[in-house]
Amino acid sequence: MLALIHSLAQVPFAKPHIDYHALAPEIVLTVLAVSLLIADLFIDETRKYVITTIAGVGVIAALIPIVTLAVDGSDRSLFGGAYVVDNFALLLKALFLVAGYLTLLMSSNYLQEGDYYEGEFSFLVVCSLLGMVVMASSRDLITIFVALETLSIPGYLLAGWRKRDRKSNEAALKYYLLGVVASAIMLYGMSLVYGITGSTLLTDIGAKLPTITDGKPLAAIGILMVIIGFAFKVSAVPFHQWAPDTYEGAPTPVTAFLSVASKAAGFVALMELIFIGFVGRPNVWAPIFWVLAALTMTVGNLIALRQTNIVRLLAYSGIAQAGYMLVPFAVAGDNNAAQKSAFTAILVYLISYAAMTLGAFMMVIAIARKTRSGEISSLGGLFEYAPGLTVVMSIFVASLIGIPPLVGFWGKLFVFRAVLDAGTGWALFLGVIASVNAVIALGYYGTLLRTMWMKPVPDGDRRPIKVPQSLVVGLAICALAVVAGGIYPQVFTRFGDLARFF
Amino acid sequence: MSHGFDSWALSLVTFLPLVGVLLLVLVPKAEEEMIKWVALGTAVATAAVMGWVMAAYDYGAPNRLHFEVNKSWIDVINSRFHIGIDGLGLPLVALSCVIVILCIVYSWNHFPEPHNPKAFLALLLVLETGMNGTFIAQDLILFFVFFELVLLPMFFLIGVWGGPNRQYASLKFFLFTMFGSAFMLLSFLALYFKAGHTFDIATLAENVKTANISHGTQLLIFGGLFLGFAIKVPMFPFHTWLPDAHTEAPTVGSVILAAVLLKLGTYGFIKIALPILPEAARSWAPWIGLLAVIGIIYGALGCLAQKDMKRLIAFSSVAHMGFVMLGISTLTSTGINAAMFGMVAHGLITGMLFFCAGSVKDRFHTLEISRLGGLLESMPKLAWILGFASMASLGLPGLAGFWGEFPAILSTYSPAAGLSEPLFRTFMVVAAVGTVLAAGYLLWLYQRTAFGSPKAEFAQQHFHDVNLEEWIAWAPMLLMIVVLGLWPRLLFHVTDTAVQAIASRF
């Protein structure tokens, strides 16, 4: 032991060069989180909404260095390549921050009216955001793991925020237990990969994995376990069981945050792992993703058909949507063209998914303010007393169906392009499963549309809905993204080429 | 293009209605007069731009795109904002612009329940953008976007403002169309991958010649296109959504559905399927012809069995679109020209019939043929107009319907090279029988509804005959039916160059 310490002491300590510009978003978020906690102590109980406002402004402030870094344009690599700030990282950081900002917009009134703790809530959201922002830059197994825990742990707490509600308690406990199991499995897998390749750096792993001769099965098990760990995170079937209960029990803004930002973070990690670390071993991960994608789409859609609660419906639809996002992973290993178009497809789908799903959740919050119910039937006759909200909600639902010219359509189109670029029989088979699922999904999305537009008002109460200003802003941002991105998809499809790191 | 307006004209025709929608959103719901005027103003402005396009269109020029715009749109998949208008699109865009104005005028004082003119008119204008855009798109993805844009407004028009069974009908319409367009999109993607990574219609048509795609694959791709378009037309056996949709849709919805929406399918065949995949089209043509004549006879027999006037007109649409598809299946310039004429004529005539049916329904609150009767006595003007439209619909020479049916039948006598003459001549005989049946069901309808004296339940009631809005909405259609009937060259002259270019591939 002493010898070890002695030998460590012999290693000359060099102060790492820190690029503060590259780390600025993370620094802003850290400072913001701490100041939120301090501010919470001094702000009067009746004026807690100030905290959420500060958090929102802070999150927007974190976007500023992202813009300056994007303008600067050069790729920055920190900490020996474990932390990279390139276009991909910047794009996703921006996506996470915007999603976080929208979550804060959604939650301010929700928390006030429900009389929940507001200060800590914003603090936890910002902490989770910090984890996501770190995730976007992680190029190292350990960084990925740290980022994942940073973003997940606040999530467990947030899920249980309505602490007097049993369902919320169940949500938090289920999410926590399964999340920890998933982390353990993933960590074990990572240790195996490290053991085989001798490095935690993704680029090293990527270089060594194809060349190893001994321990191929072990490496395969390692990769499998890492993927399974993230399959929990992105709620892929059969690792999805926590999602519907958690989503239903958690406060709706948290549900939106988990099903969009947290899920996106899982996908970002998968992209880093698959397109850099495990890129040389598609024979291991491609079949896994094929099965995950097929199951996730099909099971998610079929169960969604039977839901009567709108949040659960969105949860299962989110699972199905994740299935579409897993499709490009399954075909990415087939050839170079497929790899490129799969990368683009995942990014395009992630962005469009975030915009339309956040929008749909905001809508649920806005409508539930009047109906005080989560049942789909409570939306009946919405068109008669809230035509504006109905039209906006219809836009989100139509986008989730994949009707052009809305962003959801382009997401699906790019997924199909990746499938056709791969062109193998298995890829095409998966494409067929995806198209059948797109039709199944029409069933429940169609029911939603029909209920809002054509059914009578269930309780005859036709008073108009008063939408708080923060929600109006949020809805406007999402609707604009869904429509404008749909009409001129070039604005975000080009990110696929810009952000490609291979 | 020297003139600045030239490059903007078609975009205006397509997107002005959307601007109108934005204006409508800003007008408070209670200001109904203002809402109606904004919608009408938008539709008229759109039609005015289209009028300018028609005036500036070079009718003598060889087949080419006019007012072409080709801008970058989605580089990643090489899809471009490529619009332009040719002899195929011109009459249909004009038809759509006119029909929308007439529909707004017709609805002026009687919006169907649950009223709400703001939403109703906004949806109508969104519909117009979709329809106009489809006819000018020169890029498959752009075409698909507009093609689908039509879907939701129509779904809501039927589902919210329709008859008692509206929810079932609207969902059926939605699911059928989505099902077809999924296959259509797959075929578009297949073309993209097989023929040089482009979605440009003209370029694809050139590329496919040299791309060396196996005949089997071509047949499959055509099959996907066929499903998408045939459901929209609709051809037998995919027609089952149509009678339900028509019966339940509000009058204006039926009119637009019949006048323009069905044409999206036939137009797709002529504009996309035939020129890009001529070889596959030749193999498919006998089957299309077969389904077309089955549709003619089946639609006619269906008409004879109907008890509801609107449902009867819906089935007559199936028969008439059968004639259009029969013309297309011959792959000759006569046949395709006839199809183009048939599309416009059917739009005007069947649209007119649906207007009549809507007005009858307004007054009698029923369309059950057995309860109607004696229209000539109770509402002579409406009855005469109904009679006129029925005559036009059964193909009376001198009215527009004739020029859609007669040349289509004529063209089956000598189909394009490579198609079996005996088979198509058999189709000819069957189709001719179809015209007799058409005369049968239309005259029978007229006899039952217009002749005799009103039934006891309505005998004592007084009905207001054709009113001002109805006259304004109907006069242009009636006029066009006569003008096109007497002077068919007016339309054939426009379509012929474009049709020749397509027929020259066979």
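Note that the structure is a prediction, hence the values are computed from the model and not measured.

## Focus on the overall build of chain A
- Within chain A, the regular secondary structure consists of 21 helices and two strands.
- Computed over C-alpha atoms, the radius of gyration of chain A comes to 22 Å, within 12% of the 23 Å expected from 2.2 N^0.38 for 502 residues, which places it in the range of a compact globule.
- Structurally, chain A occupies a C-alpha span of about 75 × 60 × 45 Å along its principal axes.
- Long-range contacts, defined as pairs at least 24 residues apart, comprise 81% of the intrachain contacts of chain A with a sequence gap of at least 6.
- Of the accessible surface of chain A, which amounts to about 18400 Å², a share of 67% is contributed by carbon and sulfur atoms.
- Side chains of chain A give 32 positive and 28 negative charges; the mean places of these two sets differ by 5 Å.

## Digging into the interface of chain B and chain A
- With 32 residues of chain B at the interface, the matching set in chain A holds 31 residues.
- At the boundary of chain B with chain A, total buried surface from both sides reaches about 2900 Å², with 79% on carbon and sulfur atoms.
- For the chain B face of the interface with chain A, the top three residues by lost area are Trp73, Val76 and Gln167 of chain B, together amounting to 21%.
- At the boundary of chain B and chain A, one finds zero salt bridges.
- Our count for the contact surface shared by chain B and chain A stands at five residue pairs in polar contact (both at pLDDT 80 or more).
- Of all the secondary structure elements, the ones that give two or more residues to the side of chain B that touches chain A are strand 1 (66-74), helix 4 (117-136), helix 5 (140-149), helix 6 (151-161) and helix 7 (166-194) of chain B.
- Broken down by element, the residue count for the side of chain B that touches chain A peaks at 11 residues, all from helix 7 of chain B.

## A closer look at the domain arrangement of chain B
All names here are of chain B.
- Here chain B is partitioned into domain 1 (1-251 + 264-274) and domain 2 (284-501).
- Relative to domain 2, the C-alpha centre of domain 1 lies at a distance of 23 Å.
- Contacts between domain 1 and domain 2 engage 39 residues on the former and 47 residues on the latter.
- Of the roughly 3900 Å² buried between domain 1 and domain 2 on both sides combined, carbon and sulfur atoms contribute 79%.
- Area buried by domain 1 at its contact with domain 2 is led by Leu102, Tyr106 and Phe236, which between them contribute 16% of it.
- The salt bridge partner of Asp244 is Arg311, with a shortest N-O separation of 3.4 Å.

## Here we look at the layout of surface pockets
- In this structure, the largest pocket spans a volume of roughly 1600 Å³.
- As for the largest pocket, its lining consists of 46 residues, of which Val391 and Ile395 of chain A together with Leu18, Val21 and Val126 of chain B are closest to the centre.
- Of all the secondary-structure elements, those providing two or more residues to the lining of the largest pocket are helix 16 (387-401) and helix 19 (469-487) of chain A together with helix 1 (4-26), strand 1, helix 4, helix 5 and helix 6 of chain B.
- In the lining of the largest pocket, the residues fall into 37 nonpolar, six polar and three charged.

## Looking at the pattern of salt bridges
Residues and elements named next belong to chain A.
- The full count for this structure, using the stated rule, is 20 salt bridges over all chains.
- The shortest N-O distance in the salt bridge between Glu26 and Lys93 comes to 2.7 Å. One end of the pair, Glu26, is in helix 2 (residues 20-42); the other, Lys93, is in helix 4 (residues 87-114), with 67 residues separating them in the sequence. Each of the two residues, Glu26 as well as Lys93, counts as buried.

## Some details on unusual backbone geometry
- The omega torsion across Val237 of chain A and Pro238 of chain A is 10°, close enough to zero to call that bond cis.
- Inspection of the secondary structure puts Pro238 of chain A in the loop between helix 9 (216-233) and helix 10 (242-249).
- Phi is positive for Phe67 of chain B, which is not a glycine, with a value near 50°.
- Relative to the assigned elements, Phe67 of chain B resides in strand 1.
- Residues other than glycine seldom take positive phi values, yet His197 of chain B does so here, at roughly 50°.

Thresholds applied
- Residues numbered from 1 in each chain as written.
- Chains lettered and ligands numbered in written order.
- Predicted model: local features only at pLDDT ≥ 70, side-chain atom pairs only at ≥ 80, totals over all residues.
- Heavy atoms only, no water.
- Helix = DSSP H or I, 4+ residues; strand = E, 2+ residues; numbered from the N terminus.
- Rg over C-alpha atoms; globule rule 2.2 N^0.38 Å.
- Contact = heavy atoms within 4.5 Å.
- Areas by Shrake-Rupley, 256 points an atom, 1.4 Å probe, with all protein chains shown as cover.
- Lys, Arg positive; Asp, Glu negative; His and termini not counted.
- Charge placed at Lys NZ, Arg CZ, Asp CG, Glu CD.
- Buried area = accessible area lost by both parts, 1.4 Å probe.
- Salt bridge = Lys/Arg side-chain N within 4 Å of Asp/Glu carboxyl O.
- Polar contact = N/O pair within 3.5 Å; in protein donor to acceptor, adjacent residues only side chain to side chain.
- Domains from an automatic or database assignment.
- 1 Å grid on protein atoms, 1.4 Å probe; cavity = no way out; pocket = protein on both sides within 12 Å on 5 of 7 lines; lining within 4 Å.
- Points joined across faces, edges and corners; volume = space filled by probe spheres on them.
- Nonpolar A, V, L, I, M, F, W, Y, C, P; charged D, E, K, R; others polar.
- Buried < 20%, exposed > 50% of the residue type's maximum accessible area, 1.4 Å probe, protein only.

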